[in-house]
Amino acid sequence: AWLGLVPDEGPSSLSNEPYFQSQRQAVYTRALARLMDKGYVYRCYCTPERLELLREEQRQASLPPRYDGHCRDLSDDEWRAHSADGTPFVWRFRRPESMVFSVPVSPGSVQEVAMQHFYDFPLTRADESFTFLFSNVVDDIEMGITHVIRGQDHQTNTGAQAALYYAFGAPWPLFVHLPFLCGLRRKKLSNRDAVFSLSEVQAAGIVPAALKHYLLTL
């Protein structure tokens, strides 16, 4: 508010509430059920110890660390055995392995994404909470988001999220990934760094227009 930045939509508009992901669990549960009905998810019973051992073996073999699909095609007997003894599980996305997507990543530009180079990523955690990849896609579809503008560290997430849009039968937004703002040591800025706060900027007498102009030039 001090900077004079008024969002087009948010908690004050109440058009797509609730806005906090912690309050949207019912929304995500319904979305997961839709993927279940379409056969795009499966239970993964792999333990953290098995997954870490798998990653270490892949690193030793100079292979990219990725899930090997161990639980992708469990037999009915195996599934019933795990369910009967209460083995913890996560829901994984059954990616369409043969698909290649042309995802818009900037105006007039597309990124070719081949699903054969990805793995079946988790949509939930063992505590039944939902992952960033899944919840963000569900939110953006539900809220009609047309442009996703974020840091370049999320570029690798674009392919996985494009596959989720496809599974939901929803159009892709335009993905734009921006370079990092870095400090003097060329390391990206983080809220974990010892940086100054907005209240300190205000106390120093810097006016909102000056701060906005400075941010835009970055």
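Our subject in this report is the structure included herewith. This is a predicted model, so every value here is computed, not measured. (Residues numbered from 1 in each chain as written. Predicted model: local features only at pLDDT ≥ 70, side-chain atom pairs only at ≥ 80, totals over all residues. Heavy atoms only, no water.)

Considerations on the side chain of Arg95
Topologically, Arg95 is positioned in the loop between strand S2 (90-93) and strand S3 (100-106). Overall, the relative accessible area of 10% leaves Arg95 in the buried class. Excluding residues within four positions of it along the chain, Arg95 makes contact with Arg72, Met115, Gln116, Phe118, Tyr119 and Asp120. (Helix = DSSP H or I, 4+ residues; strand = E, 2+ residues; numbered from the N terminus. Buried < 20%, exposed > 50% of the residue type's maximum accessible area, 1.4 Å probe, protein only. Contact = heavy atoms within 4.5 Å.)

Remarks on the packing of helix H1 (residues 25-37) against helix H5 (residues 157-168)
Where H1 meets H5, the axes come as close as 10 Å, and the angle between the chain directions of the two elements is 75°. On the basis of the axis angle, H1 is roughly perpendicular to H5. In contact with Ala31, Arg34 and Leu35 of H1, H5 contributes Leu164, Ala167 and Phe168. Across the contact of H1 with H5, the residue classes tally to five nonpolar, no polar and one charged. (Axes fitted to C-alpha atoms, helices over the stretch in contact; angles between N-to-C directions. Parallel < 35°, antiparallel > 145°, perpendicular 65-115°, else oblique. Nonpolar A, V, L, I, M, F, W, Y, C, P; charged D, E, K, R; others polar.)

A word on unusual backbone geometry
With an omega of -5°, the peptide bond between Glu17 and Pro18 qualifies as cis. With respect to the helices, strands and loops of the structure, Pro18 is situated in the segment before H1. In this model, Glu128 sits at a positive phi of 75°, which is unusual for a non-glycine residue. Using a relative accessible area of 66% as the deciding quantity, one classes Glu128 as exposed. Phi at Arg186 is positive, roughly 65°, even though this residue is not glycine. Mapping Arg186 onto the fold places it in the loop between strand S6 (174-178) and helix H6 (198-203).

Looking at the packing of helix H4 (residues 132-142) against H5
One way to put it is that H4 packs onto H5 with a least axis distance of 10 Å and a crossing angle of 50°. As far as their axial angle goes, H5 and H4 are oblique. The two elements H4 and H5 cross, and the hand of that crossing is right-handed. Contacts between H4 and H5 involve Phe132, Leu133, Phe134, Asn136, Val137, Val138, Asp140 and Ile141 from the first element and Asn157, Ala160, Gln161, Leu164, Tyr165 and Phe168 from the second. Of the residues contributing to the contact of H4 with H5, the split by class is ten nonpolar, three polar and one charged. (Left-handed = near helix turned anticlockwise from the far one by under 90°.)

A look at the pattern of salt bridges
What the rule picks out here adds up to twelve salt bridges. In this structure, the salt-bridge partner of Arg55 is Glu52, at a minimum N-O distance of 3.1 Å. Remark: Glu52 and Arg55 occur in helix H2 (residues 48-60); sequence separation between them is three residues, near one turn of the helix. Assessed through its relative accessible area of 32%, Arg55 is described here as partly exposed. According to the relative accessible area criterion, Glu52 is partly exposed, its value standing at 36%. For Arg95, the salt bridge goes to Glu97, with nearest N and O atoms at 3.5 Å. A relative accessible area of 44% means that Glu97 is categorised as partly exposed. The network of salt bridges with common partners includes Glu52, Arg55, Glu56 and Arg59. (Salt bridge = Lys/Arg side-chain N within 4 Å of Asp/Glu carboxyl O.)

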